[in-house]
Amino acid sequence: MKVKNSTVACALLLASSPVLANTKLGGGQTEDTDTPQTETTRTVRPPINVGKTNQKFNISSISVNNANKRKIKVCDSPKVKQKRPKARNIISLAFSPNKVATLQFDMEDIPTSKGEQVLLLLYSRCLAKKPKIKTPLSRVKLALDVNDIEILGTYNIPANNQTRMTIEVDLETNNLTKQVKAGNDTFYFQAALLKKSDFDKKHFGVTKLSPLEAVHVTKTSCPTQSQFSNDVRSVNKSCKDLPTKAN
């Protein structure tokens, strides 16, 4: 299944506070009816690994759409000793201003369920040393700070159907420029999976989470190894002003 959201960039990379941006897909419902919706396209791929209901799902890769290679350059990502929580992978990108480019999030090993499920793509500029939401059913815990967390999109998973899913997120690089100037250069992502009935009731404690992934950005040119290391190890400036407790 391939999903494209053409306006998610405004939610992803605004220099001010995050904006909730849920995506309606295939007759599913969104959590916030006041959020403007856009048309999405969906291409169904054959199910994979059907029957492995206990397998942990993950964001297998974050990549730049091939048509956007001139707008965003993929840079080297040297290994960096991270503080906890640690991102499993960090992709480094150098972007050109005044462009719109597309990132692809490839999801794999989505477990089957007898009922419909909802997958959420979550993003934050900030991490929490300890999870601020308990998720006892998930082997992976929430690493994103709930004071900055954002739902980039919600996607329905049909019953009894384990799939690969590619989510396409359009980025307005002018907003990336604002973030970098504001002292934010590293962005964190997790996917969450739960039953649609629990999603409708906002029972988010029963969600299952994917491992933490990260995207580092610089303007125009790729970072030096030292710059990349310093940026990844440093806390984004916006995170220093967040409240210590969730409202």
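Residues numbered from 1 in each chain as written. Predicted model: local features only at pLDDT ≥ 70, side-chain atom pairs only at ≥ 80, totals over all residues. Heavy atoms only, no water.

Visitor: Any details on the state of the cysteines? Residues and values, ideally.
Guide: In a disulfide, the sulfur atoms of two cysteines are covalently bonded to one another. The tally for this structure, following the rule as stated, stands at two disulfides. Between the sulfur of cysteine 75 and that of cysteine 222 lies a disulfide, 2.0 Å long from S to S. Torsion about the S-S bond of the cysteine 75 and cysteine 222 cystine: about -80°, corresponding to left-handed handedness. You can see cysteine 75 sitting in strand E4 (residues 72-75) and its partner cysteine 222 sitting in the loop between strand E12 (213-219) and helix H4 (225-233), a full 147 residues away along the chain. For cysteine 75, a relative accessible area of 8% translates into the label buried. (Disulfide = S-S within 2.5 Å. Helix = DSSP H or I, 4+ residues; strand = E, 2+ residues; numbered from the N terminus. Buried < 20%, exposed > 50% of the residue type's maximum accessible area, 1.4 Å probe, protein only.)

Visitor: Tell me about the pattern of salt bridges, and please be specific about residues and values.
Guide: Applying the stated criterion across every chain, the model contains five salt bridges. Arginine 88 is the salt-bridge partner of glutamate 213, the closest N and O atoms lying 2.8 Å from each other. In this pair, glutamate 213 is assigned in strand E12 and arginine 88 in the loop between E4 and strand E5 (89-95), connecting sequence segments 125 residues apart. Here aspartate 148 ties to arginine 125 by a salt bridge, and the two come within 2.6 Å at their closest N and O atoms. Within this pair, whereas aspartate 148 is found in the loop between strand E7 (117-124) and strand E8 (150-157), its partner arginine 125 is found in the loop between E7 and E8, the two being separated by 23 residues in sequence. Residue aspartate 148 is classed as buried on the basis of its relative accessible area of 1%. (Salt bridge = Lys/Arg side-chain N within 4 Å of Asp/Glu carboxyl O.)

Visitor: Can you explain a positive patch on the surface? Please cite residues and give values.
Guide: Where like charges cluster on the molecular surface, the positive patch consists of Lys81, Lys83, Arg84, Lys86, Lys129 and Arg233. If you trace the backbone, lysine 83 turns up in the loop between E4 and E5. Judged by its relative accessible area of 59%, lysine 83 is exposed. (Patch = residues over 30% accessible without salt bridge, like charges linked within 9 Å, V, L, I, M, F, W, Y side chains within 5 Å. Areas by Shrake-Rupley, 256 points an atom, 1.4 Å probe, with all protein chains shown as cover. Lys, Arg positive; Asp, Glu negative; His and termini not counted. Charge placed at Lys NZ, Arg CZ, Asp CG, Glu CD.)

Visitor: Could you give me a rundown of H4, with the residues and numbers involved?
Guide: Of the residues making up H4, those classed as buried are Phe228, Asp231 and Val232. Viewed end-on, H4 has its buried residues packed into an arc of 95°, placing them on one side of the element. Lining the buried residues of H4 we find E5, strand E10 (186-195) and E12. (Arc of directions from axis to C-beta. Contact = heavy atoms within 4.5 Å.)

Visitor: Which residues make up the pairing of E8, and what values do they have?
Guide: Most of E8 is tucked away: eight of the eight residues are buried. By the bridge criterion, seven bridges tie E7 to E8 in an arrangement that is antiparallel. Looking across to E8, one finds that valine 118 is bridged to asparagine 156. (Pairing = 2+ DSSP bridges.)

Visitor: Run through the packing of aromatic side chains, naming residues and quoting values.
Guide: For the structure shown, the criterion picks out four aromatic pairs. Among the aromatic residues, ring-to-ring pairing joins Phe105, Tyr123, Phe187 and Phe189 into one connected group. (Phe/Tyr/Trp six-rings, centres within 6.5 Å; stacked < 30°, edge-to-face > 60°.)

Visitor: Lay out unusual backbone geometry with the relevant residues and their values.
Guide: Note on backbone geometry: most residues besides glycine have negative phi, and most peptide bonds are trans. The step from arginine 84 to proline 85 runs through a cis peptide bond, and the omega angle for that step is -5°. Structurally, proline 85 can be placed in the loop between E4 and E5. Phi is positive for aspartate 109, close to 60°, though the residue is something other than glycine. Here aspartate 109 falls in the buried class, since its relative accessible area comes to 11%.

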